[in-house]
Amino acid sequence: MNEQQPRLLVLGAGTAGTMVANHVRRRLPHWQVTVVAPTDVHDYQPGYLFIPFGMNSPEQIRRSAAAQLHDGVTVVTGEVDLVDADGQAVQLVDGTRLDYDRLVIATGTTPRPDQTPGMEGPHWHREVGEFYTREGAIALRDQLATFEGGRLVMHTCELPIKCPVAPLEFTFLADDWLRQHGLRDRTELVFVTPLDGAFTKPVAARELGHALEERGIVVETDFMVESVDGERRVLTSYDEREVPFDLLVTVPVNMGADFVGRSGLGDELNYVTVDKHTLQFAPRPGAAPHPEIFAVGDAANLPTSKAGSVAHFSVEVLVGNLVDLDRGRPMSHSFDGHANCFVESGHGKALLLDFNYETEPLTGTFPLAGVGPLQLLKESRLNHLSKLAFRHVYWNALLPGRPLGLPSAMSMAGKHPE
Ligand SMILES: Cc1cc2nc3c(=O)[nH]c(=O)nc-3n(C[C@H](O)[C@H](O)[C@H](O)COP(=O)(O)OP(=O)(O)OC[C@H]3O[C@@H](n4cnc5c(N)ncnc54)[C@H](O)[C@@H]3O)c2cc1C
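Everything quoted here is computed from the prediction, not taken from an experiment. (Residues numbered from 1 in each chain as written. Predicted model: local features only at pLDDT ≥ 70, side-chain atom pairs only at ≥ 80, totals over all residues. Heavy atoms only, no water.)

Peer 1: Even after reading the chapter, I still don't get the side chain of T18, so can you show me in this structure?
Peer 2: Among the secondary structure elements, T18 is positioned in helix α1 (residues 15–27). For T18, the side chain forms a polar contact with the main-chain oxygen of A13, separated by 3.2 Å. In contact with T18, not counting residues within four places along its chain, are G12, A13, H42, Q68, L69 and L399. (Helix = DSSP H or I, 4+ residues; strand = E, 2+ residues; numbered from the N terminus. Polar contact = N/O pair within 3.5 Å; in protein donor to acceptor, adjacent residues only side chain to side chain. Contact = heavy atoms within 4.5 Å.)

Peer 1: Honestly, the sheet that holds strand β1 (residues 7–11) in this entry has me stumped. Any pointers?
Peer 2: Note on sheets: strands pair through backbone hydrogen bonds, and any given pair is parallel or antiparallel. Strand order in the open sheet formed by five strands is β5-β2-β1-β9-β20, and the pairing between neighbours is parallel. Strands with a single pairing partner mark the edges of an open sheet, and in this sheet they are β5 (74–77) and β20 (293–295). When the angles between neighbouring strand axes are averaged without regard to direction, this sheet yields 20°. Pairing between β1 and strand β2 (residues 32–37): five bridges, direction parallel. Its bridge partner lying in β2, R7 is registered against Q32. (Pairing = 2+ DSSP bridges. Axes fitted to C-alpha atoms, helices over the stretch in contact; angles between N-to-C directions.)

Peer 1: I tried to follow unusual backbone geometry on my own but got confused; where do I start?
Peer 2: Glycine aside, a negative phi is what most residues show, and trans is what most peptide bonds show. In this model, L159 is joined to P160 through a cis peptide bond whose omega is 5°. In this fold, P160 is placed in the loop between β12 (150–156) and α3 (166–180). The phi angle at H125 is positive, at roughly 65°, despite the residue not being glycine. Within the secondary structure, H125 sits in the loop between β10 (109–111) and β11 (128–129). Here L279, not a glycine, exhibits a phi torsion of approximately 70°, which is positive. On the accessibility criterion, L279 (0% relative accessible area) is buried. (Buried < 20%, exposed > 50% of the residue type's maximum accessible area, 1.4 Å probe, protein only.)

Peer 1: Would you take a moment to explain the environment of R126 for this structure?
Peer 2: Locating R126 in the fold gives a position in the loop between β10 and β11. For R126, a relative accessible area of 45% translates into the label partly exposed.

By themselves, these observations are geometric and do not establish any function.
Structure, rendered in structure tokens:
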């Protein structure tokens, strides 16, 4: 390791990779920071949810990836092919080799329609839609524009997925949109989930389940999809249940980048196995340790939601630990799995969830005890406006690494345990 100018290599220039590079550039200015990105595109992904309903335009959520990185950060355009962990080097698809002293993997998770038989047939991005990519969200906007009623099915293949509340949000927004367009009476809205309820966490599942019921949304639980038949317009589960649809909106299986698996660093879904508190690579039994490798954001196999808020809080912990290591100290920062999620519930309102590894979402106020101004687990107009405003916070404060005044660890102040 070059003690004077350690080389940090960050893989991925999305939410987490951009924040890591910018924070390290500011806090460890003597480090050489290099980021690998396949294209010069950075999308604000929460905006994908709003594109089908015309609430965000595709242009509003896209910026240059390189422009989000501080001066002094080197950008290498390319796709990672392999991490040679023993040789402390990364191989790109074009043959470039990049050596590192410390490596941060921040290559996120990707929807993989190829993992479900029938999903990618001729009906893909037509009657079989999705909103987890920019092109999918645009195609779905066009499908909705000609939708005349029938069975609109919101479906999730399996967990984990990024933003696990997004399928619920889509369903609530679709309910609203259908009412506004005079189509709700002619549409059966169905929510199909592999879970036994609306969400993974019991208290939130109860609240969100009530919200689905109130809106007359049919819920099909424990549905493990086996195949999609776009021609017959039917979803089939392993236990041979069939769900017919006129328009299907699906969340395909989500997986980490293939190179993670090829490099021997991942679990069965190609998520990097890490210590859930330090974010340092944790080898599977019998494999070699590589303490110079870390993973953050959706790329890591953290047992919490895959969400931008988790990327944000975990990056602060990771960078704190990199600073410790630079100073020759043991790592002193520990990630608690903290996640914040706004859940659009339609009618111009949203709920806010705040939880971590140990504590499920509770009622109360956020961020200030008793004051709020945001209400937890309750629909409010202010939560919705905060969600919309977050796009500006993302570009102008979160990515550049400006302090947001939100502690990375979850606080119990203002929360009401049941
Ligand atoms: C529809 C939708 C709604 C969402 N809503 C919310 C929300 O309301 N709140 C919230 O907190 N989160 C939300 N999220 C989730 C949030 O966007 C992600 O959790 C966040 O972007 C994760 O950051 P990341 O850096 O880990 O991954 P990403 O931001 O996805 O970045 C990964 C980067 O790695 C790059 N990459 C991948 N493979 C390679 C390779 N082989 N070589 C080089 N580079 C590679 C990709 O191009 C990408 O730029 C939403 C996501 C979606 C899809």
